Amino acid sequence: MLLPLLAFAAAAALPADSTTWVVDNHGRRAGDLVVVTRGDTTVARWVFTDRNRGTRVETRHVTRDGRWVAGEARPVLADGTAGDPTERYEVSGDSLRTSVGRGNPIAFALAPGAFVAVRGGTPFEQAALARHLLARPDRRAPVAGGPAARAEVIADTTLRLGAQRVRARLVMLYRGAAAYPTGIWLDDRGELLATDVQWFITVREGREALLPALRAIELRWRDVQAEALAKRLVTPTAGTIAIVNGDLFDAEAGVMRPRQTVIVRGDRIVAVGSADAVPVPAGATVIDAAGKTVMPGMWDMHGHLQVSSQGGIGAVQLANGITTVRDLASDIDIATSFRDREAQGKLAGPRAVLAGFIEGPLAWAGPSGSIARDEAEARRWVQRYAELGYKQIKLYNVVHPDLVPTIAAEAKRQGMRLSGHIPRGMSIEAAVALGFDEIQHAAFFFSNFFPDSLYLPRMRAYSQVATAVAPTFDVDAPGMTKLLEFLKAKGTTVDGTFNLWIGGGGALVGAGGSPDQQKADSAYMRLIRRLYAMGIPLVAGTDNFASTTYRRELEMYELAGIPQARILQIATIEAARFLREERDYGSVSAGKVADLLIVNGAPATRIGDLAKLETVIRGGRLYKVADLAAAQMSRGANGAEGFAWDDHDDHDDP
Ligand SMILES: [Zn+2]
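In this report, we go over the structure that sits alongside the text. This structure is a prediction, so every number in the text was calculated from the model and none was measured. (Residues numbered from 1 in each chain as written. Predicted model: local features only at pLDDT ≥ 70, side-chain atom pairs only at ≥ 80, totals over all residues. Heavy atoms only, no water.)

**Considerations on the pattern of salt bridges**
Applying the stated criterion across every chain yields a total of 43 salt bridges. Ionic pairing is found between R51 and D50, a salt bridge with its closest N-O pair at 2.6 Å. Each member of the pair, R51 as well as D50, carries the same accessibility label: buried. Salt-bridge contacts for R215 lead to D331; the nearest nitrogen and oxygen are separated by 3.1 Å. You can see R215 sitting in helix α2 (residues 211-233) and its partner D331 sitting in the loop between β21 (322-327) and α4 (332-343), a full 116 residues away along the chain. (Salt bridge = Lys/Arg side-chain N within 4 Å of Asp/Glu carboxyl O. Buried < 20%, exposed > 50% of the residue type's maximum accessible area, 1.4 Å probe, protein only. Helix = DSSP H or I, 4+ residues; strand = E, 2+ residues; numbered from the N terminus.)

**Examining the sheet that holds strand β23 (residues 392-395)**
Here 7 strands make up an open sheet; going across it, the order is β20-β21-β22-β23-β24-β25-β26 and the pairing parallel. Strand pairing shows two members of the sheet lacking a second neighbour, β20 (298-303) and β26 (493-495), which therefore form its edges. Each adjacent strand pair in this sheet contributes to an overall mean axis angle of 25°, direction not counted. Note that β21 and strand β22 (residues 351-358) share 4 bridges and pair parallel. Bridge assignment links V325 to a residue of β22, and that residue is A352. On the sheet, helix α5 (residues 375-387) packs against β22 and β23 and is oriented at approximately 170° with respect to β22. (Pairing = 2+ DSSP bridges. Axes fitted to C-alpha atoms, helices over the stretch in contact; angles between N-to-C directions. Contact = heavy atoms within 4.5 Å.)

**Some points on the environment of D250**
Secondary-structure assignment places D250 in strand β15 (residues 240-250). With 20 residues separating them in the primary sequence, D250 and A230 have C-alpha atoms 30 Å apart. Sequence-distant contacts of D250, defined by excluding residues within four places in its chain, comprise V255 and R257.

**So, the environment of L597**
Structurally, the position occupied by L597 is in strand β27 (residues 596-599). Overall, L597 belongs to the buried group, its relative accessible area being 0%. For the pair formed by L597 and G297, sequence separation is 300 residues and the distance between their alpha carbons is 5.6 Å. Leave out the neighbours within four places in its chain, and L597 touches T293, V294, M295, P296, G297, M298, G321, T323, L613, T615 and V616.

**Looking at empty space enclosed by the protein**
Unoccupied space between atoms shows up once a probe the size of one water molecule is rolled over them. Applying the stated criterion across every chain yields a total of 2 cavities of 30 Å³ or more. Its boundaries defined by the atoms lining it, the largest cavity holds a volume of some 120 Å³. Residue lining of the largest cavity: 14 residues in total, with W364, N397, R424, A461 and Y462 positioned closest to the centre. Size it by volume and the second largest cavity reaches roughly 50 Å³. Contributing to the lining of the second largest cavity are G297, W299, T323, T324, Y585, G586, S587, V593 and D595. Of the residues in the lining of the second largest cavity, the class split is 3 nonpolar, 5 polar and 1 charged. (1 Å grid on protein atoms, 1.4 Å probe; cavity = no way out; pocket = protein on both sides within 12 Å on 5 of 7 lines; lining within 4 Å. Points joined across faces, edges and corners; volume = space filled by probe spheres on them. Nonpolar A, V, L, I, M, F, W, Y, C, P; charged D, E, K, R; others polar.)

**Section: the pairing of strand β29 (residues 621-624)**
For strand β28 (residues 613-618) and β29, the ladder comprises 4 bridges, and the chain directions are antiparallel. Among the inter-strand pairings, V616 is bridged to a residue of β29, identified as Y623. Between the antiparallel neighbours β28 and β29 lie 2 residues, among them G619 with a positive phi of about 60°.

**Overview of helix α6 (residues 404-413)**
All buried positions along α6 are accounted for by V404, T406, I407, A408, E410 and A411. Buried residues belonging to α6 abut β22, α5, β23 and β24 (417-420). Within two residues after α6, G415 carries a phi angle of roughly 75°, on the positive side.

**With respect to the environment of G93**
Tracing the backbone through its elements, the reader meets G93 in the loop between β6 (87-92) and β7 (95-100). On a C-alpha basis, the gap between G93 and A109 in space is 9.4 Å, while along the polypeptide they are 16 residues apart.

**Examining the packing of helix α12 (residues 515-533) against helix α13 (residues 550-559)**
Between α12 and α13, the least distance of the axes is 9 Å, while the angle of their chain directions is 75°. Between α12 and α13, the interaxial angle falls into the category roughly perpendicular. In this structure, α12 uses M525, I528 and R529 to contact α13, whose residues at the interface are M556, Y557 and L559. In the contact of α12 with α13, the residues fall into 5 nonpolar, no polar and 1 charged. (Parallel < 35°, antiparallel > 145°, perpendicular 65-115°, else oblique.)

Below, the structure written as structure tokens:
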């Protein structure tokens with residue numbers, strides 16, 4: 001059944017019977033969601049700009065007897081027209097026919113009371129799901145084509161908006177066994193009021209002023225959930241922990257020391273030495289690590305804290321051996337709250353070290369409110385971050401190059417490191433000459449040599465230029481040699497996030513992919529080798545929220561020929577030194593904070609053995625990886641156990 005076409009002629013005036021929501025990017029309008037209903041057909045169009053990309057989707061639904069009986073999703077093309085359907089569904093009786101792309105329709109039996117909609121939808125569909133669940137006696141329902149869902153109303157309040165009073169209900173949606181719910185705000189008629197706290201929030205036009213109040217309510221609830229989760233995840237100890245007979249990786253020296261004992265009291269390591277020499281205190285919690293590796297916790301030097309970091313993602317990071325994450329862009333309230341409450345032991349996650357994000361005011365501006373339009377504003381941002389205890393400043397794509405000297409000077413004055421994406425229109429050499437201590441993303445080493453390609457034949461992101469040129473790029477060319485010698489002389493650090501660029505961010509090196517991808521992989525591998533051979537410092541980072549690709553990042557260094565012990569030093573003590581924290585962190589030494597791992601394998605010989613991580617100690621708090629993994633399972637929607645927390649790790653590249 002073909003759906004009647006409700007044409008959204010590009011840029012035409014919106015039909016009278018349309019409803020509009022704003023897509024908010026930190027007070028800037030990034031796009032909108034427009035819903036139009038004509039007769040039995042409703043069309044929702046959700047289009048917003050997120051840097052050089054964004055979301056452009058249109059959904060349609062036909063309603064009969066109050067329920068959706070047919071629908072489709074289509075991309076919104078650059079000219080504003082709708083492209084070919086990416087998915088379709090049609091209900092007849094108790095059966096459902098769905099098709100994806102040009103695939104043949106598949107028929108399913110429809111479970112009674114099931115919610116039916118397109119899967120790749122918009123907040124409009126999410127609000128419809130919430131309404132559907134709230135209408136059910138137990139607020140649960142099967143969802144066609146996906147895991148069952150459950151709704152929970154966690155706030156029902158009335159907010160003042162000028163002379164008006166607006167009712168707002170926050171509904172948490174649990175999908176399948178997912179432990180972490182997504183939230184949706186409904187108004188007094190059960191219509192979408194706003195989506196939950198994210199970088200981009202969709203909110204009813206004219207209700208934007210309610211966002212701070214909605215945010216406060218949601219975060220208060222999330223904070224309580226997170227602290228309860230943290231209590232569930234930590235393994236109680238006697239306060240003193242004795243790890244005996246383990247083979248210790250001495251990060252300072254880069255060697256293994258067999259059969260050592262490590263004593264932890266409170267949040268500090270108090271003794272390290274041969275198992276024969278170090279006594280076990282009476283009453284200590286004893287962990288026998290015979291045949292296992294005891295090593296410092298690792299540092300993900302390219303992270304992004306999210307609201308969900310406290311709600312389970314942090315636990316995934318611990319399960320990946322990350323005891324310190326350097327945050328390189330996130331909302332200030334989210335980042336500082338996570339950092340401070342984790343430090344107080346209230347959250348299950350890595351310790352957070354913060355870098356302050358600064359961006360320019362253009363259409364491709366990143367998802368942040370930290371916009372610098374002029375020197376004074378740029379300086380104020382650096383000062384604010386310094387006051388909030390940030391250690392570093394991280395610049396983004398459309399910061400005006402003329403602002404770099406001002407930012408660099410103020411960052412130096414505040415004792416902060418400076419790094420970032422290379423601002424558009426600037427070269428790596430200029431950025432470093434003006435004060436960058438560090439460069440994010442190896443792809444810049446390729447786009448650097450094609451400055452005009454950022455603009456010609458069309459506006460492109462550095463990553464798109466790098467993808468285009470990497471397959472044919474000669475990493476041994478004189479230009480690259482000159483650049484690397486310059487960086488060596490300047491002592492510049494490279495946060496390559498190679499896991500993003502090699503294998504298209506998917507499979508390991510050379511394990512498939514197009515011929516061009518394989519050639520690009522070899523170029524990136526050659527770059528790792530050259531950086532290491534020239535002694536240019538590397539820091540290991542994932543750029544994904546849950547650090548699930550951290551081991552892969554290290555495995556690429558291993559494949560590039562960097563010795564395993566050196567790789568573990570990069571992941572631990574060297575990261576601590578970059579952030580001037582080696583006095584308290586980075587190695588298993590008496591006096592330092594107890595951030596350490598017990599691995600049932602030999603990562604100093606085989607990086608892949610990091611997958612055999614069993615125990616994590618963060619600030620003296622003991623976690624079993626099995627518990628951390630189990631925490632991702634919960635009695636979400638269907639009460640059944642099931643592995644819920646799929647890798648929420650879409651890299652976001654800020
Ligand atoms: Zn990033």
